[in-house]
Amino acid sequence: MNKVKTSSEKSVSTSSRTMSLLSQLEKINLDSVLGEADNARYVTSKILHLVQSQEKTRKEMTSKGSTGIEIILSTLENTKDPQTILNILNILIEIVSVGGGRRASVLVSKGGTQILLQLLLTASKDSPPNEELMVLLHTLLAKIGPKDKKIGVKARINGALNISLNLVKQNLQNNRLIMPCLQVLRVYSANSVNAVSLGKNGVVELMFKIIGPFSKKNTSLMKVALDTLAALLKSRTNARRAVDRGYVQVLLTIYVDWHRNDSRHRYMLIRKGVLQCIKSVTNIKLGRKAFIDANGMKILYNTSQECLAVRTLDPLVNTSSLIMRKCFPKNRLPLPTIKSAFHFQLPVIPASGPVAQLYNLPPDVDDVVDESDDNEDAETESEIETENDDDKDQQFKNDDIETDINKLKPRQELGRPLEELKMYEQFFPELSENFQECDLVSKEPKPFVSDANLSGPIVVPTAGEEHSAEANQSTKGVALRESNPLLTEEYNRRPAFLELPKKDSIKDSSLHQQSDQRNLLPSCQCLSQEIVKGLDRISLQNSAKNDQYYGTGCVIRKESKTSLTTVACSKPCEHVSPCGSSLFEGSSVQLGKLCCTGVDSEEEDSRSNSSGEQIILEVSDISPVHDCDLYIEMVKNTKSIPEYSEVAYPDYFGHIPPPFKEPILERQYGVQRTKISQDIERLIHQNDIIDRVVYDLDNLSCSVPEDADVLKFNSKFESGNLRKVIQIRKNEYDLILNSDINSNHYHQWFYFEVSGMKTGIGYRFNIINCEKSNSQFNYGMQPLMYSVQEALNSQPCWTRVGTDICYYKNHFSRSSIAAGGQKGKSYYTITFTVTFQHKDDVCYFAYHYPYTYSTLKMHLQKLESMHNPQQIYFRQAVLCETLAGNSCPLITITAMPESHYYEHICQFRNRPYIFLSARVHPGETNASWVMKGTLEYLMSNNPSAQCLRESYIFKIIPMLNPDGVINGKSTAIIMVTLVKRMYLCMAAASKRQCGTRMLMLPLVT
């Protein structure tokens, strides 16, 4: 207890002594009496002693409400005694040396910067100037300068810029003096006007006298000089001056010297300082050219590769990578034009907008690349001050956030005359339906029941919702018929296996009776003739009940114990044999490539069937609304601009959804940096680049020899999007996506086919003309792959694949025509590496789970054929025809009236409308899968779905952009106004029902 009391008394004593000394100093300032200089010298020395020995004193002097700093600064401003000035400067240095930047900010807020600059100007008039005073003044200015945003302007106004510069020039051998002077010059150079002014007075040349080759002496001075030079070179004027004097080569030489001699990596900060100088000078075009001419790319590439093994040198590798990427010469995208490879002649060309600009371009204009890669041609020698940029951020307001709730409420009055709305009556046939010919559930009139209870909340099940407590827990593992949302019993049966019978067993198939509608080309060269002949007659058989369900040639068998069996093949497939036969004899649609190779002979023998002629493929839960034969029929009526004649196997056969949540891929450290380094190698080791075009929509005669060791690509099917493929290295390919039709940009969605691969080899794919500045591929997303071999082996699944996945800016220049008038833009690369599991497989890659327009038509037709017309009112109409001639479906779903009784019909006609739409952006296929689940739910016998049907009329546009989906586009369609017309149509149709509650809910688009 005595020790605690003694410590407390000592603290109080110290505090009271500090306040006493400050009071004495304040009195000395007020009483300008002769002889008081000695007292001031004594008091300040005592305060300095307390500040140096007691942290509490430092805190007390800078605490809120304390006047200690004001008294100290007032004394500094008024005294003429040199020793008192030195004491005060030392006091201030001690205060701001610890405690972070807050104490320095307190000193700035009290006017300390201005007082110090005035003192510097006064001290510089002495000849020679007091060295100790100059060291202390510059040390203090360097510490508080970063906290004063106006210090550059203050120094220039007070004429203090050249004082520090002249001190450095006159004392090059005095390291103790020039180091704080350089630190102050670095602070001054943050202002661009100051940097230019100092540059004109020879500061750049002066810095190169201080920095030099490797030396263990004066390393601290070397570091400070490099930091100051890097700040000065941020000014384009100084950077040009450095380039003109050949300093780029000097910096590279210095860097190589330090890199070679710093074997123990003790001077990494100096090496990084040199790189920062190079980075600053290469911000201008002349600097980049000088860097290339000095062989800087190879120098930094080699040194960075040597640093990769040491993790602590990552800052050097990262900075080198930034410099090399910036200086990499901008390459032309290897295309004749950035406009889409396909063209659609619009009936009416808009007067303005991007489509009009595209049509108005002269035919001889090179729209792939600009003459200049940036805007530096317009630069002048003058530098513009940007000191008030931070103030602009304070004026930013969230103007895009709607705060007026009244604006969100629907208007009660009509926006258009009633006469104009009559044209939309055709979209509401249910309002004039009398249901006299309909077989309703109850034909006898019943007392009308008020629907007042329908105004209560309706709970709609969502993903991840738990079952109610009353639900039977055993339903988690029940068969598909108990959990499937559709109504009919036959829908609840699922396919068990797929059999390929003899050719003459289905000669009478209705599919063979279809006439050819367009000329088709063969698409596959990967499957043995025996399997192709079998796949030409694909069918699903039901050996248990012998009843046909899936359409012509498609029947169901239900297995009791297992849902998966093996593939039986009559002969082992030892090699790839070409096949060009159609999937269905007499059909007009060609199935994409199939394969059945890469299986060990022993496995093949074990799978062979005793009949020697039959192949059985068994799969688990293929969607019950997926019908292979019906899909082919839908494809025949789908009109595409490129006139696709092939069908992708995943779209034809369907797929099993993943039974688990897809995990996020954890990216390995340094993947993006490694990929960028490999791209830089293209410039350094140009002889290693193959540069062979293996697929090109702009040159249909492009072909690759069959014996060539290259992958084969294809995307000439619905929703496919691939324009050109170039083989860069043996197992690396650059892929270029096609622009949206009648557009020169929008590259995001991809869907293509790859074949001819080998196992155990990592193939790298680079999609090089993406436009967004970032992507989910940088945060764990993986591309999707569908393996035909796996599908034939009972696993028709889209799976997330790929390693070393990243998304980054590349060296391909993006023209101002494609970038909205902005110059200097670059494309971005999606890169991923895939190791295939089967030799000569046929694999499909996609940005997301594909959902084609033909798939939608197939699903809608299956839903219409399966619903119970006594309970569900389901109507499929055409909202409009697209410019390409495809229909945009409009679906109406609600519950049938309970009877023919008048009140029941009135209740039906007065139900509120809910409008749902999806797939405005064709590249966002997830919207269609959400819509598919919504349609199946609304058509199900789920009690809540039944309640929704009885309460509302659903008007659904499941695909607002059919042409964009068909032609594999990302955002735009043949004509953007088409989507606008659809929206206006639905909006006008909604206003047709005066006084009826409306709700428009666009799904994920």
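Above this text is the structure in question.
What comes next is a walk through the structure. Everything numeric here is computed off the predicted structure, so don't read it as measured data.

Brief notes about the overall build of the protein chain
If you tally the helices and strands in the protein chain, you get 36 helices and 20 strands. The buried share of the protein chain, taken over its 1005 residues, is 51%. In the protein chain, the share of contacts with a sequence separation of at least 24, taken over all contacts with a separation of at least 6, comes to 79%. Surface accessibility of the protein chain: about 47900 Å² in total, with carbon and sulfur atoms responsible for 50%.

Details of the sheet that holds strand 15 (residues 842–846)
Strand order in this open sheet of five strands is 6-9-15-11-12, and the pairing throughout is antiparallel. Strands at the two margins of the open sheet, each flanked by one partner only, are strand 6 (712–714) and strand 12 (798–800). Averaged over all adjacent pairs, the angle separating strand axes in this sheet is 30°, with direction ignored. Where strand 6 lies against strand 9 (residues 751–755), three bridges are found, and the strand directions are antiparallel. When the bridges of strand 9 are listed, phenylalanine 713 appears paired with valine 754.

Concerning helix 8 (residues 131–144)
Counted at 1.5 Å a residue, the expected span for helix 8 with its 14 residues is 20 Å, and the 20 Å between its end C-alpha atoms agrees. Where helix 8 is concerned, the buried positions are Leu133, Met134, Val135, Leu136, Leu137, His138, Leu140, Leu141, Ala142 and Ile144. Where helix 8 is buried, its residues touch helix 5 (82–97), helix 6 (101–109), helix 7 (112–123), helix 9 (151–158), helix 10 (161–170) and helix 11 (175–188).

Overview of the sheet that holds strand 5 (residues 692–696)
Spatially, the six strands line up as an open sheet ordered 5-7-8-10-14-13, and their pairing is mixed. Unpaired on one side and paired on the other, strand 5 and strand 13 (803–814) mark the two borders of the sheet. The mean angle between the axes of side-by-side strands here comes to 25°, regardless of whether they run parallel or antiparallel. With seven bridges joining them, strand 10 (residues 762–770) and strand 14 (residues 825–835) adopt antiparallel strand pairing. Its bridge partner lying in strand 14, cysteine 770 is registered against tyrosine 828. Contacts from helix 29 (residues 671–684) reach strand 7 (724–729), strand 8 (732–736), strand 10, strand 13 and strand 14, with the element oriented near 45° to strand 13.

Concerning the nonpolar core
Formed by 119 residues in total, the largest nonpolar core has its most connected members in Ile47, Leu89 and Tyr188. Not counting residues within four places of it along the chain, the set of residues in contact with tyrosine 188 comprises Leu117, Leu120, Leu141, Ile151, Ala155, Ala160, Leu161, Ser164, Asn194 and Leu198. Core analysis: the next-biggest nonpolar cluster, separate from the first, contains 58 residues, Met757, Tyr763, Ala791 and Val842 among them.

Section: the packing of aromatic side chains
The final tally for this structure, using the stated rule, is 32 aromatic pairs. For the pair phenylalanine 750 and phenylalanine 752, a centre-to-centre distance of 6.1 Å together with 40° between the ring planes defines the contact as tilted. For phenylalanine 750, a relative accessible area of 0% translates into the label buried. Of the residues examined, phenylalanine 752 reaches a relative accessible area of 0% and is grouped as buried. Taking the centre distance of 6.1 Å and the plane angle of 20° together, the rings of tyrosine 913 and phenylalanine 915 count as stacked. Across this residue pair, the class does not change: tyrosine 913 and phenylalanine 915 are buried. One aromatic cluster is present, formed by Phe713, Tyr733, Phe750, Phe752, Tyr763, Phe765, Phe777, Phe832, Phe836, Phe845 and Tyr847 through successive ring pairs. In this arrangement the basic side chain of arginine 311 is found over the ring face of tyrosine 669, its NZ or CZ atom lying 3.7 Å from the centre. Lying over the aromatic face of phenylalanine 428, lysine 955 brings its terminal NZ or CZ to 4.8 Å of the ring centre.

Regarding unusual backbone geometry
For the bond running from serine 127 to proline 128, omega is -10°, close enough to zero to count as cis. Positionally, proline 128 belongs in the loop between helix 7 and helix 8. With a phi angle near 55°, glutamate 643 is a residue other than glycine that sits in the positive phi range. Relative to the elements of secondary structure, glutamate 643 occurs in the loop between helix 27 (628–636) and strand 4 (646–647). Of the residues examined, glutamate 643 reaches a relative accessible area of 61% and is grouped as exposed. Of note, the phi angle at serine 719 is positive, near 70°, even though the residue is not glycine. Along the chain, serine 719 turns up in the loop between strand 6 and strand 7.

Things to note about the pattern of salt bridges
Going through the model one piece at a time under the given rule, you end up with 30 salt bridges. Among the salt bridges present, the one from glutamate 70 reaches lysine 110, with a minimum N-O distance of 3.0 Å. In this pair, glutamate 70 is assigned in helix 4 (residues 68–78) and lysine 110 in the loop between helix 6 and helix 7, connecting sequence segments 40 residues apart. Among the residues examined, glutamate 70 registers a relative accessible area of 32% and is labelled partly exposed. The closest approach of N and O atoms between lysine 223 and aspartate 227, which form a salt bridge, is 2.3 Å.

A few points about the pairing of strand 13
The buried fraction of strand 13 amounts to nine of the twelve residues, a majority that puts the element mostly inside the structure. Of the strand pairs in this sheet, strand 13 and strand 14 are connected by seven bridges, and their pairing is antiparallel. Residue pairing in the sheet places tyrosine 807 in a bridge with isoleucine 830 of strand 14.

Notes on the pairing of strand 8
Remember that side chains alternate between the two faces of the sheet whenever the strand is regular. Of all five residues that make up strand 8, five are buried, and the element is covered over most of its length. Residues Glu732, Asp734 and Ile736 of strand 8 are buried on one face, and the alternating residues Tyr733 and Leu735, pointing to the opposite face, are buried as well. In this sheet, strand 8 lies alongside strand 7 in antiparallel orientation, the contact comprising five bridges. What sits directly across from isoleucine 726, in strand 8, is aspartate 734.

The rules behind these values
Residues numbered from 1 in each chain as written. Predicted model: local features only at pLDDT ≥ 70, side-chain atom pairs only at ≥ 80, totals over all residues. Heavy atoms only, no water. Helix = DSSP H or I, 4+ residues; strand = E, 2+ residues; numbered from the N terminus. Buried < 20%, exposed > 50% of the residue type's maximum accessible area, 1.4 Å probe, protein only. Contact = heavy atoms within 4.5 Å. Areas by Shrake-Rupley, 256 points an atom, 1.4 Å probe, with all protein chains shown as cover. Pairing = 2+ DSSP bridges. Axes fitted to C-alpha atoms, helices over the stretch in contact; angles between N-to-C directions. Expected span 1.5 Å × (residues − 1). Core = buried A, V, L, I, M, F, W, Y, C linked by side-chain atoms within 4.5 Å. Phe/Tyr/Trp six-rings, centres within 6.5 Å; stacked < 30°, edge-to-face > 60°. Lys NZ or Arg CZ within 6 Å of the ring centre and 35° of its normal. Salt bridge = Lys/Arg side-chain N within 4 Å of Asp/Glu carboxyl O.

Keep in mind that these numbers describe shape and distance, not what the molecule does.
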